[in-house]
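As a plain string of letters, each chain reads:
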Amino acid sequence: GAVVSQHPSWVICKSGTSVKIECRSLDFQATTMFWYRQFPKQSLMLMATSNEGSKATYEQGVEKDKFLINHASLTLSTLTVTSAHPEDSSFYICSPIWGQSDEQYFGPGTRLTVT
Amino acid sequence: GENVEQHPSTLSVQEGDSAVIKCTYSDSASNYFPWYKQELGKRPQLIIDIRSNVGEKKDQRIAVTLNKTAKHFSLHITETQPEDSAVYFCAASHPGNQFYFGTGTSLTVIP
């Protein structure tokens, strides 16, 4: 399977600060990146979809000004949680795909805790 | 959009017994149906998948069946072992599109 890295693996931050999460596809070019969020004991919920070089498309209920997504290259996408609040505490997982591939691989995830 | 439902939400079986998890989907355009196993605090791991041109697929103790007409697919785990205990998610998609996940099934295999 594809190799996907995510950094950091976990982060604790204070309310009001911003956190940047990086997702890298190490052995293929990610034309599309999905960002998911998973709350405890719940399923993965899609937050946004980004295509390389384009603005991200956000799912209903996800604030685009709060969750900034940058997909400037085919191997790197970043998600920045701005002015984080305790309710943003969650497991964030990226998933890159190439072209029209139907196989989806997940990054190892980032556990964000906002105190 | 697609709507994927998954049942049961929790499942306990004795070691050695079989476990079956079922999912239904709504979008007839979906043609790819993966199953993921997620252990606590870890990323989902693909365990088996099936495409719409196939009715059944098996990999050792794991099998998946698909009924396109009824829009449902199922995961079958035989001879369950304690290490099979995890949360299992089904998903549906078509190429290049997002995955729609089921709500998950927490499987516990009792030794």
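Going by the structure above, here's the rest.
What counts as what
- Residues numbered from 1 in each chain as written.
- Chains lettered and ligands numbered in written order.
- Predicted model: local features only at pLDDT ≥ 70, side-chain atom pairs only at ≥ 80, totals over all residues.
- Heavy atoms only, no water.
- Helix = DSSP H or I, 4+ residues; strand = E, 2+ residues; numbered from the N terminus.
- Contact = heavy atoms within 4.5 Å.
- Areas by Shrake-Rupley, 256 points an atom, 1.4 Å probe, with all protein chains shown as cover.
- Pairing = 2+ DSSP bridges.
- Axes fitted to C-alpha atoms, helices over the stretch in contact; angles between N-to-C directions.
- 1 Å grid on protein atoms, 1.4 Å probe; cavity = no way out; pocket = protein on both sides within 12 Å on 5 of 7 lines; lining within 4 Å.
- Points joined across faces, edges and corners; volume = space filled by probe spheres on them.
- Buried area = accessible area lost by both parts, 1.4 Å probe.
- Salt bridge = Lys/Arg side-chain N within 4 Å of Asp/Glu carboxyl O.
- Nonpolar A, V, L, I, M, F, W, Y, C, P; charged D, E, K, R; others polar.
- Buried < 20%, exposed > 50% of the residue type's maximum accessible area, 1.4 Å probe, protein only.

Caption draft 1: Representation of the overall build of chain B in the model. Across its full length, chain B holds 0 helices and 11 strands. Listed by position from the N terminus, the elements making up chain B come as β-β-β-β-β-β-β-β-β-β-β. Projected onto the principal axes, the alpha-carbon positions of chain B cover approximately 40 × 30 × 20 Å. In chain B, the proportion of contacts linking residues at least 24 apart, taken out of those at least 6 apart, comes to 53%. A total of about 5,400 Å² of accessible surface is found on chain B, and carbon and sulfur atoms cover 47% of it.

Caption draft 2: Main features of the sheet that holds strand β10 (residues 110-114) of chain A. All names here are of chain A. Strand order in the open sheet made by the 6 strands is β2-β10-β9-β4-β5-β6, with mixed pairing throughout. Of all strands in the sheet, those bounded by a partner on one side alone are β2 (10-13) and β6 (57-58). In this sheet, β10 lies alongside strand β9 (residues 90-97) in antiparallel orientation, the contact comprising 3 bridges. Across the sheet, the residue bridging to F91 is R111, located in β10.

Caption draft 3: Looking closely at the sheet that holds strand β1 (residues 4-7) of chain A. Residue and element names in this part refer to chain A. Spatially, the 4 strands line up as an open sheet ordered β1-β3-β8-β7, and their pairing is antiparallel. The open sheet has two free edges, formed respectively by β1 and β7 (67-70), since each of these has just one partner strand. In this sheet, neighbouring strand axes are inclined to one another by 15° on average, regardless of whether the strands run parallel or antiparallel. As judged from the 4 bridges shared by β1 and strand β3 (residues 19-25), these two strands associate in the antiparallel manner. From the neighbouring strand, Q6 faces β3, where its bridge partner is C23.

Caption draft 4: Focus on the layout of surface pockets. What the largest pocket holds in volume is close to 500 Å³. Forming the boundary of the largest pocket are 23 residues, of which P40(A), K41(A), Q42(A), L40(B) and V87(B) lie nearest the centre. At the level of elements, β9 (86-92) and β11 (105-110) of chain B are the ones that each hand at least two residues to the lining of the largest pocket. Ranked by residue count, the leading element in the lining of the largest pocket is β9(B), at 3 residues. The volume enclosed by the second largest pocket comes to roughly 360 Å³.

Caption draft 5: Focus on the interface of chain B and chain A. Taken together, the contact pairs 17 residues of chain B with 22 residues of chain A. In total, about 1,600 Å² of surface goes out of reach between chain B and chain A, with carbon and sulfur atoms giving 53% of it. There are 0 salt bridges connecting chain B and chain A. Here the residues of the side of chain B that touches chain A are counted per class, giving 7 nonpolar, 7 polar and 3 charged.

Caption draft 6: Expanded view of the environment of H94(B). All names here are of chain B. By the element assignment, H94 lies in the loop between β9 and β10 (100-101). Judged by its relative accessible area of 25%, H94 is partly exposed. Between the alpha carbons of H94 and F33 there is a distance of 8.7 Å; along the sequence they are 61 residues apart. Residue contacts for H94: discarding those within four places in its chain leaves D27, A29, S30 and N31.

Caption draft 7: Looking closely at unusual backbone geometry. In this structure, the amide linkage connecting H7(A) to the following residue, P8(A), adopts the cis form with an omega of 0°. Mapped onto the secondary structure, P8(A) falls in the loop between β1 and β2. The linkage connecting H7(B) with the following residue, P8(B), adopts the cis geometry, with an omega of -5°. Phi angles above zero are rare outside glycine, and K41(A) is one such case at about 60°. Within the secondary structure, K41(A) sits in the loop between β4 (32-38) and β5 (45-51).

Functional significance is not addressed by these values, which are geometric in nature.
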